[in-house]
Amino acid sequence: LLQQLPEGVCSVYLLCFPPLSQNNAKVAVLGASGGIGQPLSLLLKNSPLVSKLSLYDIAHTPGVAADLSHIETKAAVKGFMGPEQLPECLKGCDVVVIPAGVPRKPGMTRDDLFNTNASIVATLTTACAKHCPEAMICIISNPVNSTIPITSEVFKKQGVYNPKKIFGVTTLDIVRANTFVAELKGLDPAQVTVPVIGGHAGKTIIPLISQCTPKVDFPQDQLVKLTGRIQEAGTEVVQAKAGAGSATLSMAYAGARFVFSLLEAMNGKQGVVECSFVKSEETESPYFSTPLLLGKNGIEKNLGIGKITPFEEKMVAEAMAELKASIKKGEDFAKNFK
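Residues numbered from 1 in each chain as written. Predicted model: local features only at pLDDT ≥ 70, side-chain atom pairs only at ≥ 80, totals over all residues. Heavy atoms only, no water.

Novice: Now, about the UniProt feature "domain: Lactate/malate dehydrogenase C-terminal" (unreviewed entry) in the protein: what can you tell me, with residues and values included?
Specialist: Summarizing the sequence annotation, UniProt attributes the feature "domain: Lactate/malate dehydrogenase C-terminal" (unreviewed entry) to residues 170-333 in the numbering used throughout. Counting secondary structure, residues 170-333 comes out at 47% helix and 16% strand; the distance between its end C-alpha atoms is 22 Å. (UniProt positions renumbered as here; feature names shortened; annotations may be inferred. Helix = DSSP H or I, 4+ residues; strand = E, 2+ residues; numbered from the N terminus.)

Novice: Could you give an account of the confidence of the model for the protein, naming the residues involved and the relevant values?
Specialist: When the pLDDT values of the protein are averaged, the result is 93; 93% of them are 70 or greater. Across the protein, the secondary-structure element scoring lowest on mean pLDDT is helix α1 (residues 10-16), at 39, and the one scoring highest is strand β6 (residues 166-168), at 99. With pLDDT under 50 throughout, residues 1-21 is counted as low confidence; its partners more than four residues away or in other chains account for ten contacts. (pLDDT = per-residue confidence, 0-100. Contact = heavy atoms within 4.5 Å.)

Novice: Now, about the domain arrangement of the protein: what can you tell me, with residues and values included?
Specialist: Once the domains are mapped, the protein shows domain 1 (25-169) and domain 2 (170-328). Distance from the C-alpha centre of domain 1 to the C-alpha centre of domain 2: 21 Å. With 37 residues of domain 1 at the interface, the matching set in domain 2 holds 46 residues. Carbon and sulfur atoms supply 70% of the area buried between domain 1 and domain 2, which totals about 3300 Å² over both sides. Of all residues in domain 1, the largest losses of buried area upon contact with domain 2 belong to Arg110, Asn145 and Val169, amounting jointly to 21% of the total for that side. Joining domain 1 to domain 2, the criterion identifies zero salt bridges. Here domain 1 is connected to domain 2 by ten residue pairs in polar contact (both at pLDDT 80 or more). (Domains from an automatic or database assignment. Buried area = accessible area lost by both parts, 1.4 Å probe. Salt bridge = Lys/Arg side-chain N within 4 Å of Asp/Glu carboxyl O. Polar contact = N/O pair within 3.5 Å; in protein donor to acceptor, adjacent residues only side chain to side chain.)

Novice: Hey, could you go over the environment of Lys279 for me, with residue numbers and the actual values?
Specialist: Within the secondary structure, Lys279 sits in strand β9 (residues 273-279). Linking Lys279 and Phe167, residues 112 residues apart in sequence, is a C-alpha distance of 8.6 Å. Ignoring anything within four residues of it in the chain, the contact list for Lys279 reads Tyr161, Pro163, Pro286 and Tyr287.

So this is what it looks like as structure tokens:
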């Protein structure tokens, strides 16, 4: 197109129509010194989509920020430590990512983290609602099935609730599904897309293998085994780390992938789709993960569940009771949180 323009018009055209990936987003990571927070911050620092990176934690953040600030990319990094510095960290943020909290240990479920992580998420999202109410909020802290309802209730209390801007990051379930399917079929994982719906714990994780791109088929016994592995992949990592933590590197990758998709959509890129655990009317569960079309203001359209097999329908039905209980637990906690 530029070659067809008269001489001297190219610079005017570029001024009027800047490139989509504008390097002007301010992103905050709350829990930046932790096992997920550090590699997530590294990936964000490496992206041309990020111009300012604000790192917050209760300890060690100045060191993490100093370390990252030496990397030869444009994003300016600043570290903030302790509750008194949190407002400044959040000021002017476009996206806030929250991986803060305690990791799982062998024998623990994600729900076992509830008491500790619920308070952390409620405290941090209260600060977000006060100091960057228009920002996109991306929650990684487990149990996501409860921490997203907590976040919603906190924003409601502050009078700034917008369900299109609050996301439970379930991207790791999709990343795992893509990887495991690719391994079994000898495909390039980068070319495989498996939607994963429902929630982000055990049987609430529902991979829709029937909607995989490219189309794949598995015998029923292999399908059952594959589905179980996707649902329990987090436990696989917890056990392999033998008490030294849970999924941190793969979660950081998945979190960064979701943030990059969100930033691209906010910059005007069309057709950006990611699954996420959000306020939903797609099922009887008030929150549910489905593919979402992302846009400048967050969720542009919920693409829903689509056509699924009887096997997948059964999984959706069996997930409902646990999903509703986890959601109610989060809502009840938030209502009593001071």
